[in-house]
Each structure stands twice: as structure tokens, then as C-alpha cells.
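Observations on chain architecture
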Amino acid sequence: MLEIRNLNVNYGDVQVIWGVSFEIKKGEVVALIGANGAGKSTILKTISGIIRPASGEILFEGQPIHTHEAYTLIETGLAHVPEARRLFVEMTVEENLDMGSLKGEARKNRQKTREMVFDLFPRLRDRRKQIAGTLSGGEQQMVAIGRGLMSLPSLIMFDEPSLGLAPILVREIFDVIKKIRGEGVTVMIVEQNVKQTLAISDRAYVLETGKVVMEGTGESLLNDEHVRKAYLGV
Amino acid sequence: MTAPQVEVLLQTILSGLLLGGLYALIGIGMTLIMGVMKIINLAHGELMMVGMYIAYVLFSTFHIDPYLSILVAAPALFLLGVFLQKFLINPVMKVDAIIPENQVILTVGIGMVLANIATIIFSSDYKTTPVDYATKAWYLSDIWKTSPIEISLSLPWTVSFCCALAITGGLWFFLGKTDMGKSIRATAQDKDAALLMGVNVEKMRVVTFGLGSALVGSAGCLFIPIYYLYPDLGGQFTLTAFVITILGGLGSTVGAIVGGLILGVFESLTSTYAGMGWAPVGRFVIFLAALIFVPQGIMSLFTRKRFGK
């Protein structure tokens, strides 16, 4: 479904991603794990077109997308829930959700999808008219995920969804991600919260200083000596 | 206070509010552009001047009422704004320059060029559109015979104010209820997130510059029945818009409305009680006071302070 081939990305003169290749198959939950600064978010931003790759190919459903303008990608079924949520903080919850469904089928089904999002996060239904910037961190993350779902994506990419959340909320968010997968949506997740992420992932790639150093099933990586030492502190 | 004094005060405040409504419309245009593009458009007053000349030409050659000329001036200014953004400002925004705010300097240049073109075409004479209702007014004593005080409401000022109100209302609806309006606000709040939502950010910038120009062009048409026109008039209105934008908190439309009304009333008070010549001084007193006491803009006084933001 998504295929990254030999991706190189530079920030100015500094190369940050070195020949990264990986793929995500339909229906999978695939994680990209690694420490701060390993280049996880950069890869997601490159996939969604905010950053242009220096070389390499990104294929989505067989089509190259790295040459597309960033704003056209959501229509192809690719949703990106960005790091630190990036809500439109002066808009209401409902308006934020509307922003996720600007085009095509998503626009036609706006009311229906919104109800579905409210069923997933009942707390947001009560706060639909509230300004997003005044919500708690957990609620903001729910809005960010909801906004991503509003586009009726076939692949949804989460960038650090557990960032800055209390453990109980982290579990709630991961439960929701499992539910989303259950609806047949393919999930890519970038996380530093390695243990919980690997537990819900089919496969994972380990990224270190811009290179993929390891890959395997979630379970096998959880038991891997290097991963346990470097990321789980065991 | 004696009755005549109350009369003068009320009359002054009323005139100030009417003026403030028009100021708000000018300020909203600038604040919209500020919000989406993060630049101060220093050609704003000159764009208004262009709108006024359009109204003037339509009046003097076809005898079209200045208020009706909004229907021509607004689309014309929209196109002019789109052109300026697409072919002049956007290319400059993309260049890594030594001066980070070089687009702002570009807008100064655009303003100069517009003013000089106007001078070439129309010469620097003062122009007016002498409409026959220019001096018409309503008086309080007409409706309340025994009123102890007398207040008048000038017809063109009132019509201008109501038009400004209607245009602002229309803009409010557009920004709040339509997908495109929401996209413009989203672009102002978080450009990258807007891109991820499928918003064509570059197009929004072009539309916003067009919209801001159309708004200030309409304000020009509302001003001309009560004002006079000459090519260099833009500068003073750019300053007015700038003061309103600062007063309102950069990029806030509600702030611009409140800022416009405050400025209008304050200017009106200074010209009544300190003399006409002091009105610009009043404007800068407000400007300095805003910078020193409410640097976040007037709306920050009403919203609860949030931590971390």
C-alpha cells in the first residue's frame, strides 16, 4: 500500500535520512520507532509532502506521491495526524473536524463521519462548540485523531500520539488506534513509547540516526536484546 | 454638565462610532492579510485610494452613486490584490533575502507606484463626488419633539456605516460558515496543519490578499461621499489601518472591529475638544498606549490568559 524506496532527505546541507526503505501492506499496523532525532517525524513529513526528499521514491497504492503538492495527498486517502497535534487552536472542536473533510467523499459524508468520531470519543460530543485551544492535552489528541479520520483515510499515520499524555490516556489512545485498525484502516505509527507501540504493531522498523537498523514483527522486536537495552531500559 | 455640553459630547461620540465603523472595515482588510501572510501590507491605504478613484470615475462619467460603485470597485480591487499577491509578493516571499521582511518593503513600493500612477492619471487635485444627499441629516427633534437636547445623524455617514456593517457581517459569515472561510482561518493559525488537511495554502494567500484589497476598496467607496480624494491620501489610511491592527492584536478580526471603533471615537473626541489638527496626535497616543499597555491587542483583555501560549 505504501512503499518507501531508498529515501534520502536533507535539511539544508545536512543529510538526515539515509537511504531508508520500508513498506506497509494493506490492513497492517506498522510502527517506526527510534530515539529523539532519529528522523521519524522527518520521514512522516516527507511522506505527506511537507518536506521534499533529496532522492528516492514514495509510492502510495502504486502511485508516486513524492512529486505531488502536499495539499493533494489527503484526497488520495492518506491522513497524517501530526506531532504535537497541531490543532487549529482558535477554532471549535467541530470546525477542526470540518477541516479534516474538505474534499470529495469526505465532504459528502461529513455529518455521518462526525457522528462516528463522536461515538469513538464521546467526550468530544459534549465539547463540540468549545475552542480547541482550551481543551486538555488528551482531548486535543482526540480531536487531532478525529480530524484525521474525518478524511475517511485508507492509511492513517500517527506521529507520537502519546506525547505528553498521562498513562491512562495513553492506553485510551492506543485502544482507539486498535479500533481504527479494526475498521479496516491501515495504520502507521511513529512513537518513542516503544513498549506499548510494539504491543499493538504487526511489524516495526527501528530507526537510528536516519537509517533503518532493524525490522521485524512487533513481538520479535520486543524480545530483541538490542531493542530491550536501548529502548525499554531492561 | 449643561445640556449643550452633553449635546456636544453625545454628538461627538456618535460621529466617532460612525467613523469607527468605517475604520473597522479598513482595519479588517489589513488584519486578514496580516493573519494569513504574517506581513503588514503597507500599500493598504493606497488600495483604498484606488477604490475611491474607481468610485470617482464612475460618478463623474456615468453618474453612478458611490455606494453602488462598490459592486465594481470590490471585484476590481479583488483582482488587483490577486495580481499583486501572485506576481509580486509571492515570488518575493519565496526568496531567501538578507532582510527577512522584504515583502513588507515591497508593499511600500507597491503603494508608491499606485499613488504615482494616480497622480499621472488624475493629477494631484482634490476630487469629490458631490452627491445631492451629502448634507442631509436626521434630527432627534424630528422624532422626539420635546427632546431637551438636539443630536443629528448625517445621512451619508449613516449609510456608509450601515454598509460597512453589512460587509463586515458578510465577511463574518464567509469566514465562519464556509469551507473556504474556515480554510483561510486555518491557514492563519497553522499553515502546515492546513496543508495536511488539503488546503491549498498558496491559493488561500492569493484569495486573502484579494479579499483584504476588496474590503479596503469598498471602504474607499464608503468614504468618498463624506471625504475628498487626492492621490497621496493612502498613507494616512495605511497608518490608521496599522494602528487598528496593532490595537486589535495582529490578525484578530474582532479585535480590528473593536480597535476601529475605539480609534474612531478617540479621534472624534480629540478633534472636538482639542481641535481638528490634533486628531492625528490622538491616533498616535492610542497607538503608543496600545503598544505599551496592551501589546497583545485589545482582545487579550477579554480572553482568559492561557498558560504556555
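All values derive from a computational prediction rather than experimental measurement.

The rules we used
- Residues numbered from 1 in each chain as written.
- Chains lettered and ligands numbered in written order.
- Predicted model: local features only at pLDDT ≥ 70, side-chain atom pairs only at ≥ 80, totals over all residues.
- Helix = DSSP H or I, 4+ residues; strand = E, 2+ residues; numbered from the N terminus.
- Rg over C-alpha atoms; globule rule 2.2 N^0.38 Å.
- Buried ≥ 20, exposed ≤ 12 C-beta atoms within 10 Å, placed from the backbone.
- Contact = placed C-beta atoms within 7 Å.
- Axes fitted to C-alpha atoms, helices over the stretch in contact; angles between N-to-C directions.
- Parallel < 35°, antiparallel > 145°, perpendicular 65-115°, else oblique.
- Left-handed = near helix turned anticlockwise from the far one by under 90°.
- Nonpolar A, V, L, I, M, F, W, Y, C, P; charged D, E, K, R; others polar.
- Pairing = 2+ DSSP bridges.
- Expected span 1.5 Å × (residues − 1).
- Core = buried A, V, L, I, M, F, W, Y, C linked by C-beta atoms within 7 Å.
- pLDDT = per-residue confidence, 0-100.

1. Quick notes on the overall build of chain A
When you go through chain A residue by residue, the secondary structure sums to ten helices and ten strands. Relative to the 2.2 N^0.38 estimate, which gives 17 Å for 234 residues, the radius of gyration of chain A is 17 Å and therefore close to what a compact globule would have. Its C-alpha atoms put chain A at 45 × 40 × 30 Å along the principal axes. Each of the 234 residues in chain A was classed as buried or not, and the buried ones make up 45%. Expressed as a percentage of contacts within chain A between residues at least 6 apart in sequence, the contacts between residues at least 24 apart total 64%.

2. Side note on the overall build of chain B
Each helix and strand in chain B was counted, giving twelve helices and two strands. What you see for chain B is a C-alpha radius of gyration of 20 Å, in line with the 19 Å of a compact globule of 309 residues. Principal-axis analysis of the C-alpha atoms places the extent of chain B at approximately 65 × 55 × 35 Å. Put simply, chain B has 309 residues, and 47% of those count as buried. By sequence separation, contacts in chain B at least 24 residues apart represent 76% of the contacts at least 6 residues apart.

3. Here we look at the packing of helix α10 (residues 234-248) of chain B against helix α11 (residues 253-273) of chain B
Residues and elements named next belong to chain B. Contact geometry of α10 with α11 gives a least axis separation of 8 Å together with a crossing angle of 120°. As summarised for this structure, α10 and α11 are arranged oblique, according to the angle between their axes. Seen from above, α10 lies across α11 with right-handed handedness. Across the interface between the two elements, T240, V243, I244, T245, L247 and G248 from α10 touch G255, A256, V258, G259, G260, I262 and L263 from α11. Of the residues in the contact of α10 with α11, the class split is seven nonpolar, six polar and no charged.

4. Things to note about the sheet that holds strand β6 (residues 78-81) of chain A
Two strands in a sheet stick together by hydrogen bonds in their backbones, pointing the same way (parallel) or opposite ways (antiparallel). Residues and elements named next belong to chain A. Reading across the sheet, the six strands line up as β6-β7-β8-β3-β9-β10 and stay open at both edges, with mixed pairing between neighbours. Each edge of the open sheet carries a strand with a single partner, namely β6 and β10 (211-217). Here the average twist between neighbouring strands, direction ignored, is 15°. By the bridge criterion, five bridges tie strand β7 (residues 155-159) to strand β8 (residues 186-191) in an arrangement that is parallel. The residue of β8 that forms the bridge with F158 is I189. The sheet contacts of helix α1 (residues 40-47) involve β3 (29-33), β6, β7, β8 and β9 (203-208), and relative to β7 the element is tilted by about 145°.

5. Some points on helix α2 (residues 44-62) of chain B
Between the first and last C-alpha of α2 of chain B there are 27 Å, a value that for 19 residues agrees with the 27 Å anticipated at 1.5 Å per step. Across the 19 residues that make up α2 of chain B, a large majority, 15, are buried.

6. Considering the sheet that holds strand β2 (residues 14-24) of chain A
All names here are of chain A. Taken together, four strands build an open sheet; the order of strands is β2-β1-β4-β5 and the sheet is antiparallel. Each having just a single partner strand, β2 and β5 (63-64) make up the two edges of the open sheet. In the sheet, strand β1 (residues 2-11) pairs with β2 via seven bridges, with the strands oriented antiparallel. Pairing of L7 across the sheet is with V20, part of β2.

7. Brief notes about the interface of chain A and chain B
In this complex, chain A contributes 20 residues to the contact, which on the side of chain B involves 18 residues. A class-by-class count of the residues in the side of chain A that touches chain B yields ten nonpolar, four polar and six charged.

8. Considerations on the nonpolar core
Residues L22, I26 and A219 of chain B are the most contacted members of the largest nonpolar core, which totals 154 residues. Residues in contact with L22 of chain B, not counting those within four places in the same chain, are S160, F161, A164, A219, L222 and F223 of chain B.

9. Thoughts on unusual backbone geometry
Phi is positive for N6 of chain A, close to 50°, though the residue is something other than glycine. Tracing the backbone shows N6 of chain A in strand β1. The exposed category is assigned to N6 of chain A, around which 12 C-beta atoms lie within 10 Å. Of note in the backbone geometry, H63 of chain B takes a positive phi value of approximately 55° without being a glycine. In this structure H63 of chain B comes out as exposed when scored by C-beta crowding, with 9 C-beta atoms within 10 Å.

10. Description of the confidence of the model for chain B
Residue and element names in this part refer to chain B. Considering every residue of chain B, the mean pLDDT works out to 89; 97% of them sit at 70 or more. Highest mean pLDDT in chain B belongs to α2 (96); lowest belongs to helix α5 (residues 140-143) (81). Interface predicted TM-score (ipTM) for the complex: 0.92; the corresponding pTM is 0.90.

11. Considering the pairing of β10 of chain A
Consecutive residues of a regular strand have side chains that alternate between opposite faces of the sheet. Residues and elements named next belong to chain A. Sheet topology note: the β9/β10 ladder contains six bridges and is antiparallel. Within β10, the position partnered with V206 by the bridge is M214. Counted along the chain from β9 to the antiparallel partner β10, the turn is two residues long, and its residue T209 has a positive phi close to 35°.

12. Some remarks on the environment of A3 of chain B
All names here are of chain B. Looking at where A3 falls in the secondary structure, it is placed in helix α1 (residues 3-37). Spatially, the C-alpha atom of A3 lies 55 Å from that of N102, the residues being 99 residues apart in sequence. The contacts of A3, once residues within four sequence positions are left out, are P148 and I149.

13. Quick notes on the confidence of the model for chain A
Summarising the model, chain A shows a mean pLDDT of 92, and 100% of its residues fall at 70 or more. Confidence, read as mean pLDDT per element, is least for helix α10 (residues 225-232) of chain A in chain A (87) and greatest for helix α2 (residues 93-99) of chain A (96).

14. Looking at the packing of α1 of chain B against helix α9 (residues 201-223) of chain B
The relative placement of two packed helices comes down to the angle between their axes together with the axis-to-axis distance. Residue and element names in this part refer to chain B. Running from N to C, α1 and α9 cross one another at 170°; their axes reach a closest spacing of 9 Å. It follows that α1 is roughly antiparallel to α9 by the angle criterion. Its residues assigned to classes, the contact of α1 with α9 shows 17 nonpolar, five polar and one charged.

15. Section: the environment of S101 of chain A
Residues and elements named next belong to chain A. In this fold, S101 is placed in the loop between α2 and α3 (104-108). In this structure S101 comes out as buried when scored by C-beta crowding, with 25 C-beta atoms within 10 Å. Here the alpha-carbon distance between S101 and Q192, two residues 91 residues apart in the chain, equals 29 Å. Excluding its chain neighbours within four sequence positions, the residues that come into contact with S101 are A106, R107, R110, T113, M150 and S151.

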